[in-house]
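Secondary and tertiary structure notes
Letter by letter, the chains look like this.
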Amino acid sequence: MEEPVTVDTETLKRLYQVMVRIRRFDEKTVELFNAGLVKGTAHSYVGQEAVATGACAHLTPEDSIISNHRGHGHCIAKGARLDLMMAELMGRESGYCRGLGGSMHIAALDLNMLGANGIVGAGVPLGAGAALAAKLRGSDRVVLSFFGDGGANQGVVHETMNLAAVWKLPFIFVCENNKYALSTEQSRTTAGEGVAVRARAYGIPAVRVDGNDLLAVHEAVGEAVARARRGEGPSCVEAVTYRWGGHSMRANLPEYRTKEEELQWMARDPIARVEQRLLELGASEVELKELRLRVDGELDAAAAYAVESPEPTVEVMEAAVYSPHARVAEPAVRAGREMTVVEALNTALHQEMGRDDRVFLMGEDVGLIGGIFGVSRGLRERFGEERVRDTPISEPSFVGMGVGAAVAGMRPIVEIQIWDFIAMTMDQVVNQAAKIRYMLGGRATVPLVIRGPQGGGIRLAAQHSQSLEAWFVHVPGLVVMAPSTPYDAKGLLASAIRDDNPVIFLEHKMLYPTKGEVPEGEYLIPLGKADVKRRGTDVTVIATQMMVQRALGAAQDLEQDGISVEVIDPRTLVPLDEEAILESVGKTHRLVIVHEAVKRGGFGAEVAALVTERALDELDAPIVRLGARNVPMPYNDKLEQATIPSRDDIAAAVRRLL
């Protein structure tokens, strides 16, 4: 039976040229890799050209795609410039990502190609987040995420299928099933009949097609795109194809496929099939040769452009990590109505969601009941379920979607119900949110707030009581905030929401009922500005979150003995107000650092290193660090109290210095 012609001859010629462009780009990349001009690694798309070409043929420049390791083909199919792509693969500043992303993270933001991803399956929740952004804006834009058969076994792909179906997102899952996840054949790793069958289990329309047949892919994805534009939700297309080369250009792996199998698939060359179809439709050999020669000329010019382009500087690299923080002034007067930390956070959420319709909140139980600690009460009633979204218990998917929505222009706030659960999302936070701006050459912003309650004190035991700020302080690209008062909570949360960087916003459970005066109107607290909670002259105490209150209590006790303690709350751990700390140590010449997290490897070690490196001569005594005992948080109340530094522990540490 003849294949159905779903495109006219001129369109088929154009798509043929796209396929040739994809193949020749990767063949040229191999040449340049062997010549030492493309370094690192790259993953060839040769053999799979029909998938990207057929899928992206239906997309407008406003539609988005997210890719994976073999992103060259997807970029080219979306219309990316070959010279800027080649410059990126050579690590040049003129590349799409200014030489900071390379092959695995190739992107073309001007075309809404939002980046390839080096983490298997990770682009799927990011793409769903971009689709959520499109839905919230009420546009008819669609988003398409490419992933492989290896990625199909990642839990986050399944979680995203579920949530995309529940929320009816304009999203297409395109699985490029090339039969091998690196070296392991699919039958040895994957149960069942394939990805399409799995998608149908989530109520998602799904088809399995010949991925080497351009017209079959074109037809299947065309139907999925039309469905998404009509607001009917996600679809899945599983395209069975084959990569001709190995996993990557520098893998140097033993042979894991038979030559017979490779030759059988090469005989099903997707480009040769389109050539044959065009000849049957009346195109001439000369015409097709001219199209191929034109592509060769484009590739030669792209390679020459890349070779002549300069490499990025250290200054370019460092400027790409963070988007500049806004310069704001702290209120001159802090007086106002008394409220709790919960009320202050709630007020800030109401304020910022009312101010900017790009701001939305999602998380477990944040809508109908207003969060288990009440932080989001009243938001659903005021702003509706579209902007206050209850999620499944599926942190990796909705945090990843928050990242994707932020890159796509929204300003999401994601609540982690109990901060210990952040461990479920470390890829989305550390490998995605923190690095996307950098990997895309500083050309993207990720205005995302991830907030939730951490810390012990209410007998929730080992998996609901950790203080984990040190994990995130260590990661370039993240802002880390830790308020200790209602005033700080409101002002810092507003600043976090308006910042163009991913913010880790830590709320201590024991501080939620703490009361304090809060100004009525809008105000912001500048990032990287510590607050001197109490002036003193004999010793400096640097404290965070719940320990601020205990340090102030200890200072009050010590005052009875004539000891003057200065208590400083950094408020933002990244960026850190180093000058405020050094200035205080220069005045008191003694330093105690206290936090609730375990002492070993904690944030206090960084502060101690800072003072040792820059103000050692100012110290009249060794630095003292206080933290929780090196044990998981116990359930027994007396043991919990013995684990966390107390007011008396802080006072005793100060006395030891004098």
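Calculation rules
- Residues numbered from 1 in each chain as written.
- Predicted model: local features only at pLDDT ≥ 70, side-chain atom pairs only at ≥ 80, totals over all residues.
- Heavy atoms only, no water.
- Helix = DSSP H or I, 4+ residues; strand = E, 2+ residues; numbered from the N terminus.
- Rg over C-alpha atoms; globule rule 2.2 N^0.38 Å.
- Buried < 20%, exposed > 50% of the residue type's maximum accessible area, 1.4 Å probe, protein only.
- Contact = heavy atoms within 4.5 Å.
- Areas by Shrake-Rupley, 256 points an atom, 1.4 Å probe, with all protein chains shown as cover.
- Lys, Arg positive; Asp, Glu negative; His and termini not counted.
- Charge placed at Lys NZ, Arg CZ, Asp CG, Glu CD.
- Pairing = 2+ DSSP bridges.
- Axes fitted to C-alpha atoms, helices over the stretch in contact; angles between N-to-C directions.
- Expected span 1.5 Å × (residues − 1).
- Disulfide = S-S within 2.5 Å.
- Patch = residues over 30% accessible without salt bridge, like charges linked within 9 Å, V, L, I, M, F, W, Y side chains within 5 Å.
- Salt bridge = Lys/Arg side-chain N within 4 Å of Asp/Glu carboxyl O.
- pLDDT = per-residue confidence, 0-100.
- Parallel < 35°, antiparallel > 145°, perpendicular 65-115°, else oblique.
- Left-handed = near helix turned anticlockwise from the far one by under 90°.
- Nonpolar A, V, L, I, M, F, W, Y, C, P; charged D, E, K, R; others polar.
- Phe/Tyr/Trp six-rings, centres within 6.5 Å; stacked < 30°, edge-to-face > 60°.

Quick notes on the overall build of the chain
If you tally the helices and strands in the chain, you get 24 helices and 21 strands. A compact globule built from 658 residues would reach a C-alpha radius of gyration of about 26 Å, and the chain, at 28 Å, matches this within 12%. With respect to the three principal axes, the spread of C-alpha positions in the chain is 100 × 55 × 45 Å. Taking all 658 residues of the chain together, 59% fall into the buried category. Of all intrachain contacts in the chain linking residues separated by at least 6 positions in sequence, the fraction that spans at least 24 positions is 81%. Summed over its atoms, the accessible surface of the chain is roughly 25300 Å², and 50% of this surface lies on carbon and sulfur atoms. Positive and negative side-chain charges in the chain, numbering 71 and 88 respectively, have mean positions lying 2 Å apart.

Brief notes about the sheet that holds strand β6 (residues 206-210)
Taking strand neighbours across the sheet as the criterion, the five strands line up as β1-β2-β3-β7-β6 in an open arrangement whose pairing is parallel. The open sheet has two edge strands with one neighbour each: β1 (64-66) and β6. The sheet shows a mean angle of 20° between the axes of neighbouring strands, taken without regard to direction. As paired elements, β6 and strand β7 (residues 235-240) share five bridges and run parallel to each other. Directly across from Val207, in β7, lies its bridge partner Val237.

A word on helix α20 (residues 546-559)
The end-to-end C-alpha distance of α20, which contains 14 residues, comes to 20 Å, matching closely the 20 Å that a straight helix rising 1.5 Å per residue would cover. Of the positions making up α20, those classed as buried are Met546, Met547, Val548, Ala551, Gly553, Ala554, Ala555 and Leu558. At its buried positions, α20 is contacted by β14 (503-508), β16 (531-534), β17 (539-543), β18 (565-569), β20 (591-598) and α24 (647-657).

Things to note about the pairing of strand β9 (residues 359-363)
β9 sits mainly inside the fold: five of its five residues count as buried. With burial as the criterion, each face of β9 is covered, one bearing Val359, Leu361 and Gly363 and the other bearing Phe360 and Met362. Looking at chain direction, β9 and strand β11 (residues 411-415) are connected through five bridges and run parallel. Within β11, the residue paired with Phe360 across the bridge is Pro412. Bridge analysis of β9 against strand β10 (residues 388-390) gives three bridges, and the strand direction is parallel.

A look at the sheet that holds β9
With respect to topology, seven strands assemble into an open sheet ordered β10-β9-β11-β12-β14-β13-β19, the strand pairing being mixed. Pairing within the sheet leaves two strands with one partner each, and these edge strands are β10 and β19 (572-574). Each strand axis lies, on average, 20° off the axis of its neighbour in the sheet, ignoring direction.

Considering the state of the cysteines
Counted according to the given criterion, the structure contains zero disulfides. In this structure Cys56 is not part of a disulfide, and its nearest cysteine sulfur, from Cys75, lies 9.2 Å away. Free cysteine Cys236: the closest other cysteine sulfur is in Cys175, separated by 6.7 Å. The buried category is assigned to Cys236, whose relative accessible area is 2%.

Notes on a nonpolar patch on the surface
Judged by side-chain polarity, Leu368, Ile369 and Ile372 come together as a nonpolar surface patch covering roughly 290 Å² of accessible area. Of note, Leu368 is situated in the loop between β9 and α14 (379-383). Given a relative accessible area of 58%, Leu368 falls into the exposed group.

Some words on the confidence of the model for the chain
For the chain, the mean per-residue pLDDT works out to 96, and 99% of the residues sit at or above 70. This stretch, residues 1-5, has a pLDDT under 50; its non-local contacts, to residues over four places away or in other chains, come to eight contacts.

Quick notes on the packing of helix α5 (residues 123-137) against helix α15 (residues 395-407)
Following both chains from N to C, one finds α5 and α15 inclined at 60°, their axes separated by 6 Å at the closest point. Relative to α15, the element α5 is oriented oblique. The way α5 lies across α15 gives a crossing that is right-handed. The segment α5 lies against α15, with Pro125, Leu126, Ala128, Gly129, Ala130, Leu132 and Ala133 engaging Pro396, Ser397, Gly400, Met401, Val403, Gly404 and Ala405. Across the contact of α5 with α15, the residue classes break down as 10 nonpolar, four polar and no charged.

Regarding the pattern of salt bridges
By the definition in use, this model includes 44 salt bridges. We note a salt bridge from Arg355 to Glu352, for which the minimum N-O separation is 3.7 Å. With Arg355 and Glu352 both in helix α13 (residues 341-355), this residue pair falls three residues apart, about one helical turn. Glu352 sits in the buried class, given a relative accessible area of 1%. Across the salt bridge formed by Asp356 and Arg358, the nearest N and O atoms sit 2.8 Å from each other. A network of salt bridges, in which partner residues are shared, links Glu330, Arg334, Asp488, Asp531, Lys533 and Arg571.

Looking at the packing of aromatic side chains
This structure, assessed with the given rule, holds eight aromatic pairs. Between Phe373 and Tyr512, the aromatic rings sit 5.1 Å apart at their centres with planes inclined by 40°, giving tilted as the arrangement. Residue Phe373 is located in the loop between β9 and α14, and its partner Tyr512 is located in the loop between β14 and β15 (515-518); the two are separated by 139 residues in the primary sequence. Its relative accessible area of 5% is what places Tyr512 among the buried residues. Ring geometry for Trp419 versus Phe472: centroids 6.0 Å apart, planes at 70°, classification edge-to-face. Of the two residues, Trp419 sits in the loop between β11 and α16 (426-433) while Phe472 sits in helix α18 (residues 469-473), which places them 53 residues apart along the sequence. Here Trp419 matches Phe472 in class, with each residue buried. Taken together, the aromatic side chains of Tyr180, Tyr242, Tyr256 and Trp265 make up a single cluster linked through ring pairs.

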